[in-house]
Amino acid sequence: MPNDSVNRLIESVLPLREINLDAIVEVGFKGLDKEKRQEYFKVFNVKPMVVGPRLRNLHTWFARRPCSTARALTLSAVARSELAYDVFLEALGSGKSISSVGRKFGSGLLFYAKPNKTIVRQVVSENLSKQTSDILVLDPMAGGGSIPLEAARLGFRTVAVEYNPVAYLIVKASVEFPAKYADGGLFEETLKASKEFIQKAREELGRYYGEDAENYIFARGVKCPFCGGLIPIQGVEPAITKAPRFKKRFLKLTYDKEKRLFSAETTDKAISSGTIAKRGNNIKCPYEGCGKWFQLRGQMKDGTTAFDQWFSEHARLMENIVEGFTPITSEIEEKLLSLHIPLVKQVGNSFYTAWDDESERKKFTSSLHALSNELFDLQNFIPLDEISAENVWASTARAKGLSKWYMLYNPRQLLAIAKLSKIVAETAEKLASKNGEFGAATALYLALALDKIIDYNTIATHWQGTGFKTGIAHTLRGESTLDFRKEYCEIKRVDEALMWALEPNIAESGSLAKTTGGVLPVLRFLCDEFRNSGVGNNVDVYSGDATQLSTILQPNSVDVINVDPPYFEQVIYSDRSEFFWVVLRRALAPVLELLFKPGLKLSNWSWTNPTVPRDREVVAYDKEDSEGRFSRFFNEFIKETSKVLKEDGVLTLWFTHPTAQAWRVVSESLYQHGYVVPKVWPLQTEMPTRYKKHVNIVAQEMSLVIVGRKYHRQKLLEVSPQDIRGSLIENPLFTKTVEETVESTRKIIVESNASPADTAALMFGTALSVASRFELPIGATFQDLYDAAITTVVSRYTEPLIYKILTETGPVKMDEATAQKIAKNIAQGMLWDPATRSYLTLWLISRVDLATAKIRQEPLGLHFDLVQTVGKLCGFGIENLKHYSLITEKTINKTGKAYHPQFLEMLTLPGGQTYLDRLMEVAPGNATIIARMAMTESGDPTARAKTIKAKMSMHSDRELSSNAALAIILLETTRNQDLGYRITDKTKITGYFPGMDESEIAKHIRELAIKTLTQLIF
Ligand SMILES: C[S@@+](CC[C@H](N)C(=O)[O-])C[C@H]1O[C@@H](n2cnc3c(N)ncnc32)[C@H](O)[C@@H]1O
């Protein structure tokens, strides 16, 4: 099938087990279960640990992917398929060298191992007759930079494109600058500048924080509308934290009814009563003699709630100071303290009152004076920009009247940010005038540290004290919109926070394993990696649009495109990044031109814009992509990749496959633009903890990596335009290709230990692989081809599984010939009937371990996404499954819903005959009805079979046979307690088997029923 291009390793083998284990640890080793930890130790001979610098410590980015996977994919896309497996591992830096890495950082992570450049060079020159630095690797949606970093570490010519300016700067800081300037002393210069930065911050800001304070918890204050008493809205009373390692972790508030003021003290003694917001959205005034209720949150008919009022008063206060230049009077000071209540401070492992500490209050109010006095000087460093109406993530702020970005801060936070931005800007100007781009690069790392500080210093930074995981949750954490909790926090005194954000001491000492997340240890690590590497100027980063790649790169110029695009339902990158951009553009103002000009390829955006570009961001704003935006841009993006990729180039597309719609867009785009998919790999790219909270629900854990090549397609002969699907399913070349592809996928499933959901995804990937190899038969659409492929793949995959259940793992074993007949019969049913295909696939996922064919003790609940995708792609969607009660929905603890395919339980639902009539419209319904008859009719199997035949005379023999086969596999995979005899007619059944216990009865009933049903199969 291939033209004259060379087959690559990625088309045949990948060290899946090693890469996936390594990646799991890299992205979230804390969530690893015992089993995985043991497996890791077995494979690598070191404990799974990450104790060194990580790319994400430079700057947060959403969905940053594991570097180990990125490295393995790029190298395997370059290497020839004949390359020996152990040589490949060695080239990656795994294999033997892993133990020396283990000694270095106490961690075996591939990220900490250097690729073996000598072997990489050999692989490239011997196999492809090229120099490593001639191989061009492109990541057109580079995000947090994992993929280009690893391409550059392998020594390839690396090009990264990113639409978002914040990510563009992150990629420059992660790859381009370390590669270019490691030898010129980038780390050393940045270390020096960082120390000066911290020193200046101390001088400028130290006086506004308590000397010993580490973190503050602030309460938003409201006045009782009835008595005027000041009340802190806070959720930390009475326990500031439940984590027992802290002292003085209870908060006691005393309300003075005369002064209408409260005092706060922290104590070791548990306080049981008095959460003011106990009744959900209401507050009971705690002042003696008042005690009236008023509304805290929610909708109020006659005005706003206390919470809403707080935000509008805060916005007004900030606006008056910042834009109205209002002088600070004692009333304004008082107003500040009644809105922003510095409730407690954390010092080491204790909490102390800050509210009843005169000096703490003074320090806080003095920041207000400073902000006001120095406004003139700080004007350029206050994010005065409007929060754009397009920013959905920050719409919650706008809805509360926070119309400009600076309103996300209290005066002390804003003062700190403006001052730090000013220091960064001055440093940037000085360094750039001396060293040009190198100086700008140095300043960039200071700005990245500043971003860490702002992420932990807003009025939306929340205190995570109620669980055992105590700490400060950053402003940009998971929620789909900016979320304001009752109280908020300020991280540390800012000079200390900068020590944490930059970690100059750890970086300088070289003990990088001690890092707790600072910028400089990562920079040192990266510079060490690139020192004397010769990569130098061989990295280019563009601020550009992946849907217009051909305006950046020459046609047919790229060897490997390794890309991880956004998909449906993901974070809107532009929205969240704007929070950073409005600060970065000020702090880096003097050097933005130096940073952007060389890479800017966007026609209608420049670094002077206060908003980030959005027009062509490849995202869907809703699950269905109702505007068709994602589909359109994704398609254009794939088209552009195909233009710039060489004829013998390789595309590796990371695909998190949450919806059927995403499958449609991806598969159609790849096909339309000429890609053949020789292979699809399941790879671990996200924290395995994602679905942990859904106990016993099966959901997707891995991403797929789809390999695309520009191979010629094969022609399918004898496909009838009148019956495209039917003739495809029976076409010998088509079915042979399915068989071969399914076989190789079966191996991958076992090797990668894929979950049932990932197995299902791999089936759809396999179908894509099959469909992509053929030209469209006359009159056919791609959907016809893909549909036929899915149908055939699912049926081929299931047949041997059923055979194994019938002969080996199921409770009633049969002879090989009968089992084969039944398995074939069911597979045929799956081919032709969408209801059977969809239902049985889900049923088997829930009831059977797909790798071993063993019946599960506990059936698995299925995640919505899985049911939706399987349903849709198999041609019988979730709505249909529900309509016929083939599936039911159950709520699993509070965390989510799980779906369970139904069998005999279907028959016990209310609705009587009408309901039975409906069930008889679909094969799984009929199968269930005859399974029940086979269990309950009287007589021996022959007599029972006769009765069933008579009662079901409206069905043809063929139909009856296929329903009976389906009923058999359902009975074989049903637990004793689900056989239903207990629910309906226990007395009758026990009467047949006097003196037997339940499991014996189950056994007999099942055997009898299966024997009966077998007689109905011709
Ligand atoms: C899933 S993320 C990539 C993450 C990255 N692989 C990593 O490991 O950090 C997808 C990226 O695509 C970028 N993006 C969205 N639309 C784009 C476009 N039209 N051109 C280029 N990049 C785009 C987003 O800004 C985002 O950073």
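Relevant structure appears above.
Notes on the structure in this doc start here.

Conventions used here
Residues numbered from 1 in each chain as written. Predicted model: local features only at pLDDT ≥ 70, side-chain atom pairs only at ≥ 80, totals over all residues. Heavy atoms only, no water. Helix = DSSP H or I, 4+ residues; strand = E, 2+ residues; numbered from the N terminus. Rg over C-alpha atoms; globule rule 2.2 N^0.38 Å. Buried < 20%, exposed > 50% of the residue type's maximum accessible area, 1.4 Å probe, protein only. Contact = heavy atoms within 4.5 Å. Areas by Shrake-Rupley, 256 points an atom, 1.4 Å probe, with all protein chains shown as cover. Lys, Arg positive; Asp, Glu negative; His and termini not counted. Charge placed at Lys NZ, Arg CZ, Asp CG, Glu CD. Near = heavy atom within 4 Å. Polar contact = N/O pair within 3.5 Å; in protein donor to acceptor, adjacent residues only side chain to side chain. Nonpolar A, V, L, I, M, F, W, Y, C, P; charged D, E, K, R; others polar. Disulfide = S-S within 2.5 Å. Expected span 1.5 Å × (residues − 1). Phe/Tyr/Trp six-rings, centres within 6.5 Å; stacked < 30°, edge-to-face > 60°. Lys NZ or Arg CZ within 6 Å of the ring centre and 35° of its normal. Pairing = 2+ DSSP bridges. Axes fitted to C-alpha atoms, helices over the stretch in contact; angles between N-to-C directions.

1. Some words on the overall build of the chain
And then number 1: From N to C terminus, the chain includes 37 helices and 22 strands.
And then number 2: Expected size for 1018 residues packed as a compact globule is a radius of gyration near 31 Å; at 32 Å, the chain falls within 12% of this value.
And then number 3: Overall, the C-alpha framework of the chain stretches about 95 × 80 × 50 Å when taken along its three principal axes.
And then number 4: Counting all 1018 residues of the chain, 61% fall into the buried class.
And then number 5: Considering only contacts in the chain between residues 6 or more positions apart, those separated by 24 or more positions represent 74%.
And then number 6: Carbon and sulfur atoms form 50% of the exposed surface of the chain, whose accessible area is close to 38500 Å².
And then number 7: The distance from the centre of the 127 positive side-chain charges to the centre of the 120 negative ones in the chain is 4 Å.

2. Topic: the site of the ligand
And then number 1: In the vicinity of the ligand, 24 residues are found, and the nearest of them are Arg65, Gly144, Glu162, Asp545 and Ala546.
And then number 2: At 2.9 Å from a nitrogen atom of the ligand is found a main-chain nitrogen or oxygen belonging to Val618.
And then number 3: Calculation on the ligand without its partners gives an accessible area of 600 Å², and the protein chains cover 100% of this total.
And then number 4: In terms of residue class, the shell around the ligand is made up of 11 nonpolar, 6 polar and 7 charged.

3. Comments concerning the state of the cysteines
Each disulfide consists of one covalent bond between the sulfur atoms belonging to two cysteines.
And then number 1: In the structure shown here, the tally under the stated rule is 0 disulfides.
And then number 2: Cys285 takes part in no disulfide bond, and the closest cysteine sulfur to it belongs to Cys227, at a distance of 3.6 Å.
And then number 3: Exposure remark for Cys285: the relative accessible area of 3% places this residue in the buried category.

4. Structural notes on helix H29 (residues 834-847)
And then number 1: Over its 14 residues, H29 runs 20 Å from end to end, which matches the ideal 20 Å to within 8%, given 1.5 Å per residue.
And then number 2: In terms of burial, H29 is a largely internal element, 13 of the 14 residues being buried.

5. Side note on the packing of aromatic side chains
And then number 1: Counted by the stated rule, this structure contains 41 aromatic pairs.
And then number 2: Members of the aromatic cluster, connected to one another through ring pairs, are Tyr567, Phe630, Phe634, Phe637, Phe655, Trp663 and Phe764.
And then number 3: Across from the ring centre of Trp355, 4.4 Å away, lies the NZ or CZ of Arg361, which sits over that ring.
And then number 4: Over the ring of Trp681 we find Lys679; its NZ or CZ atom is 5.4 Å from the centre of that ring.

6. Regarding helix H9 (residues 186-205)
And then number 1: For H9, built from 20 residues, the straight-helix expectation of 28 Å at 1.5 Å per residue is met to within 8% by its first-to-last C-alpha distance of 27 Å.
And then number 2: If you check which residues of H9 are buried, you get Leu186, Phe187, Glu189, Thr190, Leu191, Ala193, Ser194, Phe197, Ile198, Ala201 and Leu205.
And then number 3: Lining the buried residues of H9 we find helix H8 (165-181), helix H15 (411-435), helix H16 (437-455), helix H17 (494-502), helix H18 (504-509) and helix H19 (519-530).

7. What to know about the pairing of strand S14 (residues 539-543)
And then number 1: Taking burial as the measure, the 5 residues of S14 include 4 buried ones, the bulk of the element.
And then number 2: Inspection of the sheet shows strand S2 (residues 157-162) paired to S14 by 5 bridges, in the parallel sense. Along S14, the bridge assignment pairs Val161 with Tyr542.

8. Focus: the side chain of Lys345
And then number 1: As for its placement among the helices and strands, Lys345 is situated in strand S9 (residues 340-347).
And then number 2: The class for Lys345 is buried, based on a relative accessible area of 6%.
And then number 3: A distance of 3.1 Å separates the side chain of Lys345 from the side chain of Asp212, its partner in a polar contact.
And then number 4: In this structure Lys345 touches Asp212, Ala213, Asn215, Tyr216, Ser350, Phe351, Tyr352, Ala354, Asp357 and Glu360, once residues within four positions along its chain are discounted.

9. Section: unusual backbone geometry
And then number 1: Backbone geometry at Arg260 places phi at a positive 60°, although glycine is not the residue there.
And then number 2: Take Arg260: it is sitting in the loop between strand S5 (250-256) and strand S6 (261-267).

10. A look at the sheet that holds strand S15 (residues 558-563)
And then number 1: Read from one edge to the other, the open sheet built from 7 strands follows the order S14-S2-S1-S15-S16-S19-S17, with strand pairing classed as mixed. Only two strands of the sheet have a single partner each, and these edge strands are S14 and strand S17 (676-683). Taking the axes of each pair of neighbouring strands and ignoring which way they run, one obtains an average angle of 15° across the sheet.
And then number 2: When S17 meets strand S19 (residues 703-709), the two strands line up antiparallel, connected through 6 bridges. Note on S19: the bridge partner recorded for Val676 is Arg709.
And then number 3: Contacting strand S1 (136-139), S15 and strand S16 (645-655), helix H22 (residues 629-644) crosses the sheet at an angle of about 145° to S16.

11. With respect to the side chain of Arg71
And then number 1: Tracing the backbone shows Arg71 in helix H3 (residues 67-78).
And then number 2: Leaving out residues up to four positions away in the same chain, Arg71 has contacts with Leu92, Leu110, Phe111, Ala113, Lys114, Pro115, Glu150, Arg153 and Leu154.

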